[in-house]
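Single-letter residue listing:
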There are 2 protein chains.
Amino acid sequence: MPALYLMELGAIMGVEGECFKVSCRDVTSTIPIIKVDSVLVFGGTQITTHAIAELLERDIPTTFLSSNGRYYGRLASTDTKAVELKVEQYKKLEDNGFRTSFAKACVKGKILNSLYILKNLNRERKIPEVAEGIKRMYAIIGTLEEKDNLESIRGCEGSAAAMYFSIIPLLLKNRFGFSGRNRRPPKDPLNSLLSFIYTLLMYSVYTAVSITGLDPAIGYLHEYTDNRPALPLDLMEEFRALFADQVIIDLINHSMIDEDDFYEGDTEDKPVLINTDLRRKVVERFEKRLSTQVLYKGDNISYRRVLEMQARSLVRYIRTGEPYTPFIQQ
Amino acid sequence: MPALYLMELGAIMGVEGECFKVSCRDVTSTIPIIKVDSVLVFGGTQITTHAIAELLERDIPTTFLSSNGRYYGRLASTDTKAVELKVEQYKKLEDNGFRTSFAKACVKGKILNSLYILKNLNRERKIPEVAEGIKRMYAIIGTLEEKDNLESIRGCEGSAAAMYFSIIPLLLKNRFGFSGRNRRPPKDPLNSLLSFIYTLLMYSVYTAVSITGLDPAIGYLHEYTDNRPALPLDLMEEFRALFADQVIIDLINHSMIDEDDFYEGDTEDKPVLINTDLRRKVVERFEKRLSTQVLYKGDNISYRRVLEMQARSLVRYIRTGEPYTPFIQQ
């Protein structure tokens, strides 16, 4: 149990000895604290200050979200760790060679892993438009190599993403009105699901970044600006297709989602909301995915640990100059 | 009520409409959220996740402490605000002129405000050793002006502090075994009190720093190192005597403290601990002090607001080069 999700309405998490105790109605679960890597506290659940103190003392990343997955904030045991690393991280902002090399790696990883998904989905079906899109995405990777500034690297990322999201609907059993990516707010069920699972992924990467001590505000592909976790956004690019899109596509193609799982919000811009059952299903699948073992540099480790290892690769690049290479699904 | 202290054993803080509701046994207090500037949650008290969400949404600095005032951590709504300012703050680490000018201001403020306390206490009593010490501390300020490196500025700070703490016992009604400053752990009742109230002051300054968006890890007088809130430590220097020492000295000289208020810890290094009654008394006096109005650049504001204004002065120095001047009690 690497991440503990507190999402059942009325659940209370406390501490008893070396365990977290989660009670909900008449059911009590006991989880050894040592097995908990991070905690997500959703709206409508409670956590005792004893548990908060324990989480802070053990430096277990803890995030507070609304029941819909909107980010409120997190517990911070200290803002003052790995300061020397942060100083180096800030200095690299002005190193164009470093920035473009890292940004290219992120974008290349993102496109290659998106291609992995597309090729898998199209293996049997052989849809010509998909095959054509795949070819174009490979061409974008070809042009990426010669880019030497962030603007054009971001351009490649944008073109590849547009191509990818225009092909994806052709490969779905049910499109739920989906014809491409949109957000703020998401305008159809599939975009709502993508936004929700990207939030889960973002906070998993955020947790990995927190562990290294890097400042989440300072990214290299994403410009820093207020209220943007630029570094988790950089690092999650290569994982979006593998850990987020793949989960949603599987749910759809296995007919585990239908129209009844969604409802319209009552705000003026009417986002499409996801009911509790489906949210729980998505969280379970997402967690299962992150717990899956994979071969990484000769060792079998979980995908969740891959997130952390990649964050540590960036630390190494900052400290020693050993270039960052993205994680590519084989 | 600028800071809300949740320290009564068994107290629970929740939200009702636009108010925080603090219940303890049969008593419930209602405090408009808009009136709360910061919250300190001590061990043995509870806070609902609804209240946590509210604190995060409104960006109200919230600190978790043990019942003895040991720091556990805090709520962080976002680590990614005022990023541009942080980038400038990091750059200034390499600007020796900036660093020494700011560090000198902090130390000068500290010594002048310490002198204010000493002179007040010695006005009627006219103890020759105290008068002599005051003279020497003025001499240190004289030498401070010509220092051009951090090491020697820190030297001045150390000499003045040693002198100050060697004189203070002469001005106390009861020395409680106090013969100078010590800590980690504090070895006598008075040192325990100083450590406790410095913690309160530190988190008040930390809060002021958080509001500006500056990174608490990056100070200029104090070198950055892991787990050291270097910037709050820099900024609190000029306030130690006024807001912390003064409160403790008043309590002693008004015979509001006696030996029974302390007990020995059961750890090997045996720190001296403070009982709940006295802790509460110190917190009340400290809060009263911070709520006191003072003339600051032509306006009457509370001392707590002075902390924030001084943090903002540092922001101005970083951004515009307008030199930082310490707050000096007149």
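No experiment lies behind these values; they were computed from the predicted model shown.

## Focus: the overall build of chain A
Link 1 in the chain: Scanning chain A from N- to C-terminus turns up ten helices and twelve strands.
Link 2 in the chain: Taking 330 residues into account, the globule formula puts the C-alpha radius of gyration at 20 Å, and chain A, at 20 Å, falls close to it.
Link 3 in the chain: Seen along its three principal axes, the alpha-carbon backbone of chain A occupies a region of about 55 × 50 × 45 Å.
Link 4 in the chain: The buried share of chain A, taken over its 330 residues, is 59%.

## Overview of the nonpolar core
Link 1 in the chain: Core analysis: the biggest nonpolar cluster contains 196 residues, and A:Leu314 and B:Leu314 have the highest contact counts within it.
Link 2 in the chain: Aside from chain neighbours lying at most four places away, what touches A:Leu314 is A:Phe98, A:Phe102, A:Leu214, A:Tyr220, A:Leu231, A:Leu235 and A:Tyr324.
Link 3 in the chain: In terms of nonpolar packing, the next biggest core, distinct from the first, is built from 46 residues, A:Ile47, A:Ile52, A:Tyr72 and A:Leu75 among them.

## Details of the pattern of salt bridges
Link 1 in the chain: Scanning all chains against the criterion turns up 40 salt bridges over all chains.
Link 2 in the chain: Across the salt bridge formed by A:Arg99 and A:Glu223, the nearest N and O atoms sit 3.4 Å from each other. With A:Arg99 in helix 3 (residues 96-125) and A:Glu223 in the loop between helix 6 (189-212) and helix 7 (230-236), the pair connects residues that are 124 residues apart, well separated along the chain.
Link 3 in the chain: Judged by its relative accessible area of 34%, A:Glu223 falls in the partly exposed class.
Link 4 in the chain: For the salt bridge of B:Glu88 with B:Lys91, the shortest nitrogen-to-oxygen distance reads 3.7 Å. Residue B:Glu88 and its partner B:Lys91 are both found in helix 2 (residues 83-91); the two are separated by three residues, about one turn of the helix.
Link 5 in the chain: Within this structure, A:Arg99, A:Glu151, A:Arg154 and A:Glu223 form a network of salt bridges that share partners.

## Some thoughts on the sheet that holds strand 5 (residues 38-42) of chain A
Link 1 in the chain: Read across the open sheet, the eight strands follow the order 1(A)-5(A)-7(A)-8(A)-8(B)-7(B)-5(B)-1(B); overall the sheet is mixed. Each having just a single partner strand, strand 1 (3-6) of chain A together with strand 1 (3-6) of chain B make up the two edges of the open sheet. Direction aside, neighbouring strands of the sheet carry axes that sit 15° apart on average.
Link 2 in the chain: The pairing of strand 5 of chain A with strand 7 (residues 62-65) of chain A spans four bridges and is parallel. Residue pairing for strand 7 of chain A: A:Val41 is matched across the bridge by A:Phe64.
Link 3 in the chain: This element, helix 1 (residues 49-57) of chain A, spans strand 5, strand 7 and strand 8 (71-76) of chain A together with strand 5 (38-42), strand 7 (62-65) and strand 8 (71-76) of chain B of the sheet and lies at about 100° to strand 8 of chain B.

## Some words on the sheet that holds strand 2 (residues 12-16) of chain B
All names here are of chain B.
Link 1 in the chain: In spatial order, the strands read 4-3-2-6; together these four strands make up an open sheet with mixed pairing. The open sheet has two edge strands with one neighbour each: strand 4 (27-32) and strand 6 (46-47).
Link 2 in the chain: Looking at chain direction, strand 2 and strand 3 (residues 19-24) are connected through five bridges and run antiparallel. Opposite glutamate 16, over in strand 3, you have cysteine 19 as the bridge partner.
Link 3 in the chain: Of the strands in this sheet, strand 2, strand 3 and strand 6 touch helix 1 (residues 49-57), which is tilted by about 70° from strand 2.

## Concerning the interface of chain B and chain A
Link 1 in the chain: Between chain B and chain A, the residue contacts involve 43 residues of the former and 43 residues of the latter.
Link 2 in the chain: Both faces combined, the contact of chain B with chain A buries some 3,300 Å², and carbon together with sulfur accounts for 57% of it.
Link 3 in the chain: Taken together, chain B and chain A are joined by two salt bridges.
Link 4 in the chain: Taken together, chain B and chain A are joined by twelve residue pairs in polar contact (both at pLDDT 80 or more).

## Regarding the relation of the copies chain B and chain A
Link 1 in the chain: With an axial shift of 0.0 Å and an RMSD of 0.0 Å, the rotation relating chain B to chain A amounts to 180°. Those values place the two copies in the arrangement expected of a two-fold rotation axis. Minimal C-alpha separation from the rotation axis in chain B is found for B:Leu75, amounting to 2.4 Å.

## What about the domain arrangement of chain A?
Accessible area lost upon the coming together of the parts serves often as the stated size of an interface.
All names here are of chain A.
Link 1 in the chain: Partitioning chain A into structural domains gives domain 1 (3-74) and domain 2 (83-320).
Link 2 in the chain: Centre-to-centre, using C-alpha coordinates, domain 1 lies 26 Å away from domain 2.
Link 3 in the chain: At the junction of the two partners, domain 1 supplies 14 residues and domain 2 supplies 14 residues.
Link 4 in the chain: Interface area, domain 1 with domain 2, both sides summed: about 1,300 Å², of which 59% is carbon and sulfur.
Link 5 in the chain: Considering only the surface of domain 1 that becomes buried against domain 2, Tyr5, Met7 and Asn68 emerge as the three largest contributors, covering 37% of it.
Link 6 in the chain: At the surface where domain 1 touches domain 2, the tally comes to one salt bridge.
Link 7 in the chain: Glutamate 8 is paired through a salt bridge with arginine 280; the nearest N and O atoms lie 3.2 Å apart.
Link 8 in the chain: Summed over the shared surface of domain 1 and domain 2, the result is two residue pairs in polar contact (both at pLDDT 80 or more).

## Structural notes on the environment of B:Arg154
All names here are of chain B.
Link 1 in the chain: Considering the arrangement of structural elements, one finds arginine 154 in helix 5 (residues 150-167).
Link 2 in the chain: Look at arginine 154 and you get partly exposed, because its relative accessible area is 23%.
Link 3 in the chain: Between the C-alpha atoms of arginine 154 and threonine 199, which are 45 residues apart in sequence, the distance is 21 Å.
Link 4 in the chain: Residues within four places of arginine 154 in sequence aside, it is in contact with Arg99, Tyr220, Leu221, His222 and Glu223.
Link 5 in the chain: Here glutamate 151 takes part through its side chain, which lies 3.0 Å from a polar atom of the side chain of arginine 154.

## Considerations on the side chain of A:Asp188
Link 1 in the chain: Of note, A:Asp188 is situated in the loop between helix 5 (150-167) and helix 6.
Link 2 in the chain: Although A:Asp188 is buried, it forms no salt bridge, and the closest oppositely charged side chain is A:Arg181 at an N-O distance of 7.2 Å.

## So, the packing of helix 6 of chain A against helix 9 (residues 276-291) of chain A
All names here are of chain A.
Link 1 in the chain: Where helix 6 meets helix 9, the axes come as close as 11 Å, and the angle between the chain directions of the two elements is 40°. The angle between the axes of helix 6 and helix 9 places the two elements in the oblique class. Handedness of the crossing formed by helix 6 with helix 9: right-handed. Here Leu193, Phe196, Ile197, Leu200, Leu201 and Ser204 of helix 6 lie close against helix 9, whose contacting residues are Leu278, Arg279, Val282, Val283, Phe286 and Leu290.
Link 2 in the chain: Across the contact of helix 6 with helix 9, the residue classes tally to ten nonpolar, one polar and one charged.

## Points about the packing of helix 4 (residues 128-144) of chain B against helix 5 of chain B
All names here are of chain B.
Link 1 in the chain: Look at helix 4 against helix 5: their axes get within 10 Å of each other, and the N-to-C directions meet at 170°. On the basis of their axis angle, the class for helix 4 and helix 5 is roughly antiparallel. Facing helix 4, whose interface residues are Val130, Gly133, Ile134, Arg136, Met137, Ile140, Thr143 and Leu144, helix 5 presents Ile153, Cys156, Ser159, Ala160, Met163, Tyr164 and Ile167.
Link 2 in the chain: Here the residues of the contact of helix 4 with helix 5 sort into eleven nonpolar, three polar and one charged.

## A closer look at helix 10 (residues 303-320) of chain A
Residue and element names in this part refer to chain A.
Link 1 in the chain: An ideal rise of 1.5 Å per residue puts 26 Å on 18 residues; helix 10 measures up with 25 Å between its terminal C-alpha atoms.
Link 2 in the chain: Among the residues of helix 10, Tyr303, Arg304, Val306, Leu307, Glu308, Gln310, Ala311, Ser313, Leu314, Val315, Tyr317 and Ile318 are the ones counted as buried.
Link 3 in the chain: Taken from the residues just after helix 10, glycine 321 is the one with a positive phi, measuring 85°.

Rules used throughout
- Residues numbered from 1 in each chain as written.
- Chains lettered and ligands numbered in written order.
- Predicted model: local features only at pLDDT ≥ 70, side-chain atom pairs only at ≥ 80, totals over all residues.
- Heavy atoms only, no water.
- Helix = DSSP H or I, 4+ residues; strand = E, 2+ residues; numbered from the N terminus.
- Rg over C-alpha atoms; globule rule 2.2 N^0.38 Å.
- Buried < 20%, exposed > 50% of the residue type's maximum accessible area, 1.4 Å probe, protein only.
- Core = buried A, V, L, I, M, F, W, Y, C linked by side-chain atoms within 4.5 Å.
- Contact = heavy atoms within 4.5 Å.
- Salt bridge = Lys/Arg side-chain N within 4 Å of Asp/Glu carboxyl O.
- Pairing = 2+ DSSP bridges.
- Axes fitted to C-alpha atoms, helices over the stretch in contact; angles between N-to-C directions.
- Buried area = accessible area lost by both parts, 1.4 Å probe.
- Polar contact = N/O pair within 3.5 Å; in protein donor to acceptor, adjacent residues only side chain to side chain.
- Least-squares fit on C-alpha atoms with pLDDT ≥ 70 in both.
- Domains from an automatic or database assignment.
- Lys, Arg positive; Asp, Glu negative; His and termini not counted.
- Parallel < 35°, antiparallel > 145°, perpendicular 65-115°, else oblique.
- Left-handed = near helix turned anticlockwise from the far one by under 90°.
- Nonpolar A, V, L, I, M, F, W, Y, C, P; charged D, E, K, R; others polar.
- Expected span 1.5 Å × (residues − 1).

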